[in-house]
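Chain by chain, the residues:
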Amino acid sequence: MIKFEYLEPTSLQETFGLLEKHGDDARVIAGGTSLLIMMRQRLLMPKVVISLARIPHFDRITYDAADGLRIGAGARHRDIELSAIVKEHYPILHETFHKVAQPRIRNMGTLGGNLSAGDPLTDPGASLIALDAEVTLSSSGGQRTLPLEEFFIDYYETALKPGEILTEIHVPPAQRPGWAHIKFTPRSVEDFATVGVAITLQAVNGTCKDVRLALNSVASTIVRAKRAEAVLRGRPATDATLREMGEIASTEVDPTDDNRGSSDYKREMVKVLVRRAAQEALQRTT
Amino acid sequence: MDNFIGKRTRSKEGPRHVTGRGLYTDDFRLPGMLHAMILRSPHAHARIVSVDPGEALKNPNVVAVVTPQDIKQTTKPFKPGRYAAGLKRSIDEYAGATEKVRYVGEPFGAVAARDRGTAEDALEQIQVEYEPLRPVVDVREAMKPSSAVLFDELGTNLAWNGSLSYGDVEGAFKSADRVVKENLKIHRYSSTPLEPFIVIASYDAASKRLTVWVTAQVPEVIYDGLREALGLQDIRVIIPDVGGGFGQKIHLIRKYVVLVSLLSMKSGRPVKWVEDRSEHMMAGGHACAQEFEAEMAVKNDGTVIGLRFKEYDDVGGSISTLTIHFTNKLNNLSNTYRVRNIALEGFAVVTNKCPVIPNRGIGKPGMCYVWERMMDRVAQELNLTPIEVRRKNLIQPDEMPYATPSGNVYDSGDYPGLLQGLLEKIEYDKLREEQRREREKGRLIGIGVVIAVEPGGRNAARDMAIFPEMKEPPGSGGVNGAKIKLEKNGTLSLHLGSPNCGQAHETTTAQVAADLLGTTPDKISTSIPFDSDLSPWGVAAANSGNNFHLYDIGAIHGAATRLREKVLKLAAHNLQVDPSELTIEDGVVKVPGSATKQITFAELGRIAYNNQHLIPDDLEAGLEATYYYTFPHAKPNLVPGAERLVRAQFTFSAGAHAAIVEVDKNTGAVHVLRYLIVGDNGTVINPDVVNGQVFGSAAHGIAVALGEGFIYSPEGQPLTVTYLDYGKCSAAETPRVEVMHRPSPSPWTALGQKAAGEGAAIPSPAALASAVEDALTPFGVKVCDLPLTPEAVWRLANHNPESERRSY
Amino acid sequence: MKQTIRVTINGRLYEEDVEPRQLLAHFLRDAIGLTGTHVGCVVGECGACSILLDGKVVKSCLHLAVQADGREVTTIEGLAKDGELSPIQEAFVKNYALQCGYCTPGMIMTSHALLRDNPNPSEEEIRKALAGNLCMCTGYVQIVEAVKEAARGSKNG
């Protein structure tokens, strides 16, 4: 492990000051589950590590029927998984966070840290995109909000600018009652998904009114599959439509070969799993 | 007398481990101890042009560096072992590479600093210049003349080729009704013990004495390795608790023991090295990828009359374990079958991958894979059931002891009984019916039934069979010792010849000693760690479930029997009776029925160490006995003669396995619904311990079949250096293995015991392959290659062959 | 540059100077001498280093020691009281839920936390909870049995 200085600011203002002072030499640490590994492997070599652990209320989870869900960036995966309001109003999030790595990691890793890392293999982003989530990015210059689907730029690259940190995730009141989340991990459940599919949809008498579909582990970012959504939106959800939806989704992804499977295989699995996810979500609407 | 043998008793290892008081090598700290890091190759194949540690040594906290020049100048190569005996020209293998690196992670130097962080920094500061060479990754490519060559001395990557034939193989194939052929493949994997390699070396220059603490499995390999490489005579090897072995900690670890010892000699201080997980995954040793071209000569009724096969072994970048996976085929060459005509030819091919090591079963899973896949194939071609074909060819219980065509002698076993017991347990016919109904509904259920022997014991002379030019056996049979002492306070202390790594040596030996000496296991303490200065060890000293049952139990049995005689003699003298009148119960020696004629162990202890007057003249003072055991029935064929018949191992456990799986055609995911074993491990000394060995070895074989494995890029870069990338199974995916026992005790061991360590790892890959193939019957698919990753199964089910991308 | 931290470990307060780069697992082992916390992978996959941090089970190889400042740690050494094994420890001994013992402390810390939060887990819940703790020896059968037995014991007692 490399040498570094460790700082624990107690407010966001203080954090922004430290980020400005140290610039590129600094990295922010929340749960540390991915940062420490990258530092051990010398992929990241910050001189200063700034912890967000002492920032008050940074892990708060609140809900309001009109406004929806607000999750502080410091909330741990396990907190979100076990939150009663999440379970009641956003069952897809409960299910998704239940599948992130395993409890030891969920007790440590934070949602803000997870999204900020920009790792396309992780689970929460797809389900949050399927729920139209937006993120608040803050710096000494103020704050801005961004739809989550626009936050991911490339492998390990997000819309965060130097000096900026992700402070809050906002999920509007759930619009579509049907949902499904599939984390396809043919090996250990502890592993990253080979293919991850999150879908929310609304259907009336078997016709899909609206739908959001997002996938992880199959492109350089977590992606929303808009053209596949368009296949289903406004149409009766027949087997043929769902099959077509899967086919189209598989053209919106760009998986790579890795130990979990070849790019061909993953593309094929997108077809299968998108169809299965849509079927499962439709069942939940009836 | 069987108060404890065969019973559930309280674990003696458990209490210290559940409280965190196990003592592993990493838990030891010596005054002034330095911390080492190993310098490793980032290239699969390269010439080392120069190594300059100057920058690193500028830091005053960096104390010593070992470079390839140091290795070449201050150490000697290891003596070529029996697995390198077939080389046409001998090749020097040092503890680290000296001129060329031949796999990613190959060690060629080391650094010691006052703390690990500084050592890590120093490693980065050592300037190394490489001349990269063309990597050799694929076995078939490696054998072509156009390939780059790993060892210039050999001029080829086919480092060894040889063959053996038993019976009349030509004749069998000529008279066959049909010849069934198949190419089969088993991949690279390992048991990846949770505790990585750890070494502490402390050299005392004044007395020229080297002490090492090491998490090793076989003391002899370390002891000999240090002597050969460093030329030292005074060596002490201490092996504390070992956090898992499985064969991984036998061979390659000696290199690191030498490198760390060199650092200690250079610095004059104790040095500790702790391997990183990624180092272990890339360089800690892999089971060999084996490719087979198999042919079976059969009669139309399903009788197998001959087997011949070629085996291509991808042995990686070292010659020291060149033939180990091939020569182990002699151990279970006949599996459970009475086939008399068998021929095999081996090709050992060096590649720029991690060297192969003796992982749990060492080539035996491959041999079993050949037999059991071919039996299924025969059934398919002859339109018989896989059960019929197996039954037709099984060795019968009334043929025991059974001499196999290659010279093994099976001590005991009821293979038809094991198979029948399994079929009854899984309600085979009902299950087939259910499978048919489910298939109609679109569910793909598969049933795989296989059977296997699990040999135990050791015989280094085996390897002479494949090297006829070898004149002297590299040792033969096995020896290990045990010492037992009745202490002054009436308790017993045991000193075993072997270190322990989870096979419950302490619990099991205490059960045996307690029964033989008429006391209880709680009054027996076993000394740990292993200490080469104190432990009564021989060549078979190892933490190996494969050897423990024979040599350690044999030695404890012998020592306890001897001590019992002494105890009775001393008691008889003091009670003024004949020893034959005495019994021992709960630590009291007595004449049955008499209230006065009795004497306790504590009283005897005080006499034996204290009171010459009460010791008979013809009895040695003290109450201690040592026994070195060799297997008394090791002949004939202990050393191979002209016919090359050899006892490769000595006891033969067996097991029938059933895997019941469900395959998702659309994703290729395989779900194990049930996994059952009916096993024969001979007399079971402790059912919980034996079951634990069976559960663990089965779980590993299943995980191997379903996808865990090492993968290399076409450039020879390892792509699996973490547990996640490697695909290690957790509790969530591991099926709940069910075990039943149907023991046939060995007539030749002290208690009828047989081996139970490698056990279920031998047939389980074959069982899974059989079950998955069975599930895919509607698609007319053959399963030949492991691993059965979801992608591989999906490709099979959808007839979508994979382009060659990566290499296992 | 070292920083001073105050950590309560198994009920006792320690004040130590640590380098920021020291992992909590190594701090417990090297600075405090609690070697029951084992290190098997150092990248958060094997679970041998599982401990309780403010009551939650975490992997101490993914934590810096400085992050534990002001917090409470329980390690495997903190479970038995006066030589009396805790119910989950006893169940592991009784059921032979260990072989080499290297994963055992982490397995027990995870099981301990599981049974505290869910006193009556199903086999599937047990297996999922243990998924972050790898064992290479046992095939998990006897470990799952031990957790079940400890759960039964806590219900009866």
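Preceding block: the structure.
Residues numbered from 1 in each chain as written. Chains lettered and ligands numbered in written order. Predicted model: local features only at pLDDT ≥ 70, side-chain atom pairs only at ≥ 80, totals over all residues.

Participant: Which residues make up the overall build of chain A, and what are the values?
Facilitator: When helices and strands are counted, chain A shows eleven helices and 14 strands. Its C-alpha atoms give chain A principal-axis dimensions of about 60 × 45 × 30 Å. Evaluated residue by residue, chain A yields a buried proportion of 57% over its 286 residues. Counted over contacts in chain A with a minimum sequence separation of 6, partners at least 24 positions apart contribute 64%. (Helix = DSSP H or I, 4+ residues; strand = E, 2+ residues; numbered from the N terminus. Buried ≥ 20, exposed ≤ 12 C-beta atoms within 10 Å, placed from the backbone. Contact = placed C-beta atoms within 7 Å.)

Participant: I'd like to hear about the overall build of chain B, residue by residue, with values.
Facilitator: Regarding its fold elements, chain B presents 21 helices and 29 strands. In summary, chain B has a C-alpha radius of gyration of 27 Å against a globular reference of 28 Å for 808 residues, a match within 12%. Counting across all 808 residues of chain B, residues that qualify as buried make up 62%. For chain B, the share of sequence-separated contacts (at least 6 apart) that also reach a separation of at least 24 residues comes to 81%. (Rg over C-alpha atoms; globule rule 2.2 N^0.38 Å.)

Participant: A description of the interface of chain B and chain A should follow, citing residues and the corresponding values.
Facilitator: A common way to report how large an interface is uses the accessible area buried once the components associate. Tallying the contact residues gives 20 residues for chain B and 15 residues for chain A. It is helix α21 (residues 790-797) of chain B that contributes the most residues to the side of chain B that touches chain A, three residues altogether. Grouping the constituent residues of the side of chain B that touches chain A by class yields eight nonpolar, seven polar and five charged. (Nonpolar A, V, L, I, M, F, W, Y, C, P; charged D, E, K, R; others polar.)

Participant: With reference to specific residues and values, describe the nonpolar core.
Facilitator: Of all hydrophobic cores here, the largest spans 420 residues; its most connected members are Ile 199 of chain A together with Ala 36, Val 111 and Ala 513 of chain B. Per-element tally for this core: the top contributor is helix α16 (residues 545-575) of chain B, with 14 residues. Contacts of Ile 199 of chain A, omitting those with residues within four sequence positions, involve Ala 130, Trp 179, Ala 180, Val 211, Arg 212, Leu 213, Ala 277, Ala 278 and Ala 281 of chain A. (Core = buried A, V, L, I, M, F, W, Y, C linked by C-beta atoms within 7 Å.)

Participant: Describe the packing of α16 of chain B against helix α17 (residues 601-610) of chain B, and please don't skip the residues or the numbers.
Facilitator: When two helices pack together, you describe them by how their axes are tilted relative to each other and by the distance separating the axes. Residue and element names in this part refer to chain B. At a minimum axis distance of 11 Å, the contact between α16 and α17 shows a crossing angle of 90°. By the angle between their axes, α16 is roughly perpendicular relative to α17. For the pair α16 and α17, contact is made by Val 567, Leu 570, Ala 571 and Asn 574 and by Leu 604, Ile 607 and Ala 608, respectively. Of the residues belonging to the contact of α16 with α17, the class tally is six nonpolar, one polar and no charged. (Axes fitted to C-alpha atoms, helices over the stretch in contact; angles between N-to-C directions. Parallel < 35°, antiparallel > 145°, perpendicular 65-115°, else oblique.)

Participant: Before we move on, could you go through the pairing of strand β10 (residues 165-171) of chain A and cite the residues and values that matter?
Facilitator: Moving residue by residue along a regular strand, the side chains alternate between the two faces of the sheet. Residues and elements named next belong to chain A. Judged by how many residues are buried, β10 sits mostly within the fold: six of seven residues are covered. In the sheet, strand β5 (residues 68-72) pairs with β10 via four bridges, with the strands oriented antiparallel. Across the sheet, the residue bridging to Gly 72 is Glu 168, located in β10. (Pairing = 2+ DSSP bridges.)

Participant: A description of the sheet that holds strand β8 (residues 178-186) of chain B should follow, citing residues and the corresponding values.
Facilitator: Residues and elements named next belong to chain B. Pairing in this open sheet of five strands is mixed, and the strands run β7-β15-β14-β13-β8 from one edge to the other. Each of the sheet's edge strands pairs with one partner strand only, and the pair in question is β7 (158-166) and β8. Adjacent strand axes in the sheet meet at a mean angle of 10°, parallel and antiparallel pairs treated alike. Strand direction decides the pairing type here: strand β14 (residues 304-316) and strand β15 (residues 342-350), joined by nine bridges, are parallel. What sits directly across from Tyr 312, in β15, is Phe 347.

Participant: Can you tell me about the interface of chain B and chain C, naming the residues and giving the values?
Facilitator: Listed per partner, the contact involves 45 residues of chain B and 41 residues of chain C. Within the residue set of the side of chain B that touches chain C, elements represented by two or more residues are α1 (14-18), α18 (687-706) and α19 (723-726) of chain B. Here the side of chain B that touches chain C gets seven residues from one element, more than from any other, and that element is α18 of chain B. Within the side of chain B that touches chain C, the residues separate by chemical class into 16 nonpolar, 18 polar and eleven charged.

Participant: Any details on the sheet that holds strand β3 (residues 62-66) of chain B? Residues and values, ideally.
Facilitator: Residue and element names in this part refer to chain B. Pairing is mixed across the open sheet formed by eight strands, whose spatial order is β3-β5-β1-β12-β9-β10-β11-β22. One side of each edge strand has no neighbouring strand; the edge strands of this open sheet are β3 and β22 (530-531). By the bridge criterion, three bridges tie strand β1 (residues 34-40) to strand β12 (residues 271-274) in an arrangement that is parallel. Within β12, the position partnered with His 35 by the bridge is Lys 272. In the packing of helix α7 (residues 219-230) onto the sheet, contacts are made with β10 (209-214), β11 (234-239) and β22, and the angle to β11 comes to roughly 150°. Along the sheet face, helix α8 (residues 253-267) touches β1, β3, β5 (107-113), β9 (198-204), β10 and β12 and points at about 40° away from the line of β9.

Participant: Go over the environment of Arg 360 of chain B with me, naming the residues and quoting the values.
Facilitator: Residues and elements named next belong to chain B. By the secondary structure assignment, Arg 360 is in the loop between β15 and α11 (364-382). A residue is classified by how many C-beta atoms lie within 10 Å of it, and Arg 360, with 29 of them, is buried. In this structure the C-alpha to C-alpha distance between Arg 360 and Leu 423, which are 63 residues apart in sequence, comes to 27 Å. If near-sequence neighbours (up to four positions away) are discounted, Arg 360 is found in contact with Ser 191, Phe 246, Gly 247, Ser 697, His 700, Glu 758 and Ala 761.

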